[in-house]
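# Architecture at a glance
Here's the letter readout for the chains.
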Amino acid sequence: MAKTIRIQKYLGDGGILSRRKTEEYIKAGRITVNGRPAAPGHPVAPGDVIAIDGQRVRVERDKENLYLMLNKPRGYVTTTSDELGRRCVTQLLEGVEARVYPVGRLDRDSEGLLLLTNDGQFANLIMHPSHHIGKTYRVTVRPGITEDQCVALAAGVDIGKDGEKEITAPATVLVLEKYPDRAVVQITIAQGKNRQVRRMCEAVGLTVARLKRTAIGPLRLGMLQPGEWRELKKSELIALRNAGGGTAAPQPPQPKKPPKPKTAKPKPATGGGRPGKSAGDGMRRDRSGGMRFAPDKPAKRGARRGGHKG
């Protein structure tokens, strides 16, 4: 029996549609398999006839994967085609014969670093928030920015609508430039919610005048001019794949384990001390001679005095 795979994966890995887009097309009845409407998770086998809007699509399973970075200009939508006739980012890829699709989104008024590929697994690695690959943006905001607004953006703000809460994950925020009527801020996030950076700024009373993505994980836009593209280097691909364990915001330092106490001969008590009390704020010895964290407690009345410390 021929091996089957889910239609979302088949079209996604083949560079035809993203998995999310495939699900949208299926719900709209735009995809058929062997002449019948497809269902979510529809199994696809070699030889099946898949059509989108009545047009048969073919997936080159032995295709060579392609990885591109583009400096997206403002005024372009991040899709492969647009029903409203707006300019699409793929129109900038002159000379690229393979069918590639954008990894994530930059809205029409945003600019900067955008990845495109025909490798569905790579796209999922970059986009899925569980991989914590940070996206860095250079944002011009008006009328300026205060320390309280910076703290709020870094800690997480509510960008929900219609009374539903939607708190963003911690981010890194750095003020690059300040002017009387505006400020330039660098914001790094690891999520990918729709228009997230703009909505975060609006939540703290800021208006975004310009938004440019400058980095995805370790990959930086560099000297690439608006509208220009190039293939990723092998070293850049490896760095992006290895970035899956990174975080958008620095994590708080973990408490250090207390050092093991040195063995010492017990000394007679001089009185006035509480049994089990050791040097160091909040540190106590247990019966085995080890150390543990515990807050100081007042001595109980009638506690036995004298004996040995330790």
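In this text, all values refer to a predicted model and were calculated from it rather than measured experimentally. (Residues numbered from 1 in each chain as written. Predicted model: local features only at pLDDT ≥ 70, side-chain atom pairs only at ≥ 80, totals over all residues. Heavy atoms only, no water.)

Here the structure, examined in full by the defined rule, presents 1 aromatic pair. Plain terms: the ring middles of tyrosine 67 and phenylalanine 122 are 5.0 Å apart, the flat faces sit at 75° to each other, and that makes the pair edge-to-face. Of this pair, tyrosine 67 sits in strand β7 (residues 67-72) while phenylalanine 122 sits in helix α3 (residues 120-127), placing them 55 residues apart in sequence. There is no split in this pair, since tyrosine 67 and phenylalanine 122 are both buried. One cation-aromatic arrangement involves arginine 30 over tyrosine 25; the distance from NZ or CZ to the ring centre is 3.9 Å. For arginine 182, the ring lying beneath its charged end belongs to tyrosine 179, and the centroid distance is 4.2 Å. (Phe/Tyr/Trp six-rings, centres within 6.5 Å; stacked < 30°, edge-to-face > 60°. Helix = DSSP H or I, 4+ residues; strand = E, 2+ residues; numbered from the N terminus. Buried < 20%, exposed > 50% of the residue type's maximum accessible area, 1.4 Å probe, protein only. Lys NZ or Arg CZ within 6 Å of the ring centre and 35° of its normal.)

Within the open sheet, the 4 strands sit side by side as β3-β2-β5-β6. Their pairing is antiparallel. Looking at strand neighbours, the two that pair on one side only are β3 (36-37) and β6 (55-57), the edges of this open sheet. When strand β2 (residues 31-33) meets strand β5 (residues 50-52), the two strands line up antiparallel, connected through 3 bridges. Across the sheet, residue valine 33 finds its bridge partner in β5, namely isoleucine 50. (Pairing = 2+ DSSP bridges.)

Low-pLDDT stretches of the model should not have their predicted coordinates read in fine detail. When the pLDDT values of the chain are averaged, the result is 81; 76% of them are 70 or greater. Long-range and interchain partners of residues 245-256, a stretch whose pLDDT sits below 50, account for 14 contacts in this model, where long-range means more than four residues apart. (pLDDT = per-residue confidence, 0-100. Contact = heavy atoms within 4.5 Å.)

Our focus in this paragraph is helix α4 (residues 147-155). Within α4, burial applies to Gln149, Cys150 and Leu153. Down the axis of α4, the buried set is contained in an arc of 100°. They therefore lie on one face. Among the exposed residues of α4, those pointing more than 90 degrees away from its buried face are Glu147, Asp148, Val151 and Ala155. Elements in contact with the buried residues of α4: β11 (172-178), β12 (183-189) and α5 (196-203). Trailing α4 by a residue or two, glycine 156 shows a phi angle of about 120°, which is positive. (Arc of directions from axis to C-beta.)

Bringing the pairing of strand β13 (residues 207-216) into the picture now. Successive residues of a regular strand alternate their side chains across the two faces of the sheet. Sheet topology places strand β9 (residues 111-117) next to β13; 2 bridges connect them, and they run parallel. Looking at the pairing, glycine 112 lines up with arginine 213 of β13. Between β13 and strand β14 (residues 219-220), which pair antiparallel in sequence order, lie 2 residues; one of them, glycine 217, sits at a positive phi of approximately 55°.

For the structure on display, the rule yields 0 disulfides. Free cysteine: cysteine 150, not disulfide-bonded; nearest cysteine sulfur from cysteine 201 at 9.8 Å. For cysteine 150, a relative accessible area of 15% gives the class buried. We classify cysteine 201 as buried; its relative accessible area is 1%. (Disulfide = S-S within 2.5 Å.)

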